[in-house]
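Breakdown of the fold
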Amino acid sequence: MNFLEGAILGIVQGLTEFLPVSSSGHLAILEYFFKVEADKVLFFTVLMHLGTLLSVFVVYRKDIWELILELIETIKDLVKGRGLRLNERPVRRMGVMIIVATIPTGIIGILFNDYFESLYSSLIGIGIGLIITGLLLFIAERIGRGSRGMDSINCRNAIFIGILQGIAICPGISRSGSTLVGGLFTNLDREFAVKFAFLISIPSILGSAVLELPKAIKAGVEPSLWGPMLVGFILSALFGLMAIKLMIKIVTKQRLIYFSYYVWALAVIIIGYRLIFA
């Protein structure tokens, strides 16, 4: 992998992690055509995940700080026997729902991670995943007219969104798209649905990086890759920041349908390539 390939992979990771087009699918496609061996860039994958995670912290730093402060207050209330008081504390309710949503995601990831990883080398499998992503976005854009916010999200909503996030481990199925679709399906307000989708990405992305880190360390890193990896890390963070801000505008203006057209077109191209040339 050279500097140009590292830069392209970083840019694609940053943009596609938060735009509803599947970062895993795009990276798998690029690695296929760049002939990059996934086992040799595991550490790079972890770095790019951390780069996109950094962009979430930058955009939602105020919300994250509020969640941290609310966690401290929650502990105090529990120690004093006051209970969770979710109906009185909207920020606390959101924090608890983030935890609830993470549980099914984690279970799916642990149980099916090896199977989903086996699909990364299949252009047909990635294409099918992209078709599913486009269908979900198409349906969500038609029905997503909810008005529920932070103070009314419940455990059923969080579990449903968490399940969709877990399924998005499959390459070609967008994590941000799936969680956003889950929020719109449960009648969440569009602006809050985007915020919740990105906030629950924090434990998901961090958990993925932690799971991949031991294998990455074991695989090692060739000295010549440190430069391209650093470039990829920086660009994944910068373009992730741009993608989050762009996604907020797109969702509130009801423009998800264009991403459906894009992923469907990409699916047709890679499936057609696989059937004709590979």
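Note: the structure precedes this text.
Sequence order sets the numbering: in each chain, residues are counted from 1 along the sequence as written. Totals for whole chains, interfaces and linings use all residues, but because this is a predicted model, local features are given only for residues with pLDDT of at least 70 and pairs of side-chain atoms are given and counted only at 80 or more. Processing note: side-chain calculations cover all non-hydrogen atoms of the structure and skip hydrogens and water entirely.

Thoughts on the nonpolar core
Selection rule: Residue types Ala, Val, Leu, Ile, Met, Phe, Trp, Tyr and Cys, when buried and joined through side-chain atoms within 4.5 Å, form a set referred to as a nonpolar core. The classification of residues rests on relative accessible area computed with a 1.4 Å probe and restricted to protein chains. Under 20% of the type maximum is buried, over 50% is exposed, and intermediate values are partly exposed. For this analysis, residues touch if any pair of their heavy atoms sits within 4.5 Å.
Formed by 50 residues in total, the largest nonpolar core has its most connected members in Tyr-60, Leu-180, Phe-196, Leu-199 and Leu-256. Sequence-distant contacts of Tyr-60, defined by excluding residues within four places in its chain, comprise Val-194, Lys-195, Phe-198, Leu-199, Ile-244 and Ile-248. Counting residues in hydrophobic clusters, the runner-up holds nine residues, among them Val-12, Leu-30, Met-48 and Met-229.

Section: unusual backbone geometry
We apply this condition: A run of H or I in DSSP becomes a helix once it reaches four residues, and a run of E becomes a strand once it reaches two; helices and strands are each numbered from the N terminus.
Although it is not a glycine, Ser-22 adopts a positive phi angle of roughly 80 degrees. By the element assignment, Ser-22 lies in the loop between helix H1 (3-18) and helix H2 (23-34).

Here we look at the packing of helix H5 (residues 90-118) against helix H7 (residues 155-167)
What counts, and what does not: The axes used here are C-alpha line fits, helices contributing only the stretch in contact, and every angle between their N-to-C directions lies in the interval 0 to 180 degrees. Roughly parallel here means an angle under 35 degrees, roughly antiparallel means over 145, roughly perpendicular means 65 to 115, and every remaining angle is called oblique. Helix crossings fall into two classes, left-handed where the near helix is turned counterclockwise from the far one by less than a right angle and right-handed where it is turned clockwise. The nonpolar class holds Ala, Val, Leu, Ile, Met, Phe, Trp, Tyr, Cys and Pro. Asp, Glu, Lys and Arg form the charged class, and all remaining residues, Gly among them, are polar.
Running from N to C, H5 and H7 cross one another at 25 degrees; their axes reach a closest spacing of 7 Å. Classed by the angle they form, the pair H5 and H7 counts as roughly parallel. Where H5 crosses over H7, the two elements pack in a sense that is right-handed. The segment H5 lies against H7, with Met-97, Val-100, Ala-101, Pro-104, Thr-105, Ile-108 and Phe-116 engaging Cys-155, Ala-158, Ile-159, Gly-162, Ile-163, Gln-165, Gly-166 and Ile-167. Residues that form the contact of H5 with H7 fall into these classes: 11 nonpolar, four polar and no charged.

Points about the side chain of Arg-93
To keep it simple, the criterion reads: His is not counted, nor are the chain ends, whereas Lys and Arg count as positive and Asp and Glu as negative. Each salt bridge in this description consists of a side-chain nitrogen of Lys or Arg and a carboxyl oxygen of Asp or Glu lying within 4 Å of one another. Polar contacts, as counted here, are pairs of nitrogen or oxygen atoms within 3.5 Å of one another; within protein the pair requires one atom able to donate a hydrogen and one able to accept it, and residues that are adjacent in sequence qualify only if both atoms are side-chain atoms.
Position of Arg-93 among the secondary structure elements: in helix H5. Of the side chains with opposite charge, Asp-151 lies nearest to the buried Arg-93, which makes no salt bridge, at 7.1 Å. Side-chain polar atoms of Arg-93 contact the side chain of Asn-87, separated by 2.6 Å.

Some words on the pattern of salt bridges
Overall, the coordinates contain nine salt bridges when judged by the stated rule. For the salt bridge of Glu-70 with Arg-92, the shortest nitrogen-to-oxygen distance reads 2.9 Å. Residue Glu-70 is found in helix H4 (residues 61-79), and its partner Arg-92 is found in helix H5; the two are separated by 22 residues along the sequence. A relative accessible area of 11% means that Glu-70 is categorised as buried. Lys-76 is the partner of Glu-73 in a salt bridge, and the nearest nitrogen-oxygen pair spans 3.6 Å. Of the two residues, Glu-73 and Lys-76 are both situated in helix H4; the distance of three residues between them amounts to about one turn of the helix. By relative accessible area, which is 31% here, Glu-73 ends up partly exposed. Overall, the relative accessible area of 42% leaves Lys-76 in the partly exposed class. A network of salt bridges, in which partner residues are shared, links Glu-70, Asp-77, Arg-82, Arg-85, Glu-88, Arg-89 and Arg-92.

Concerning helix H11 (residues 226-252)
Cut-off, in case you're wondering: Residue count minus one, scaled by 1.5 Å, sets the expected span of a helix.
Across its 27 residues, H11 extends 39 Å between first and last C-alpha, which sits within 8% of the 39 Å expected from 1.5 Å per residue. Every buried residue belonging to H11 is among Pro-228, Met-229, Gly-232, Leu-235, Ser-236, Ala-237, Gly-240, Ala-243, Ile-244, Met-247, Ile-250 and Val-251, and all of these are buried.

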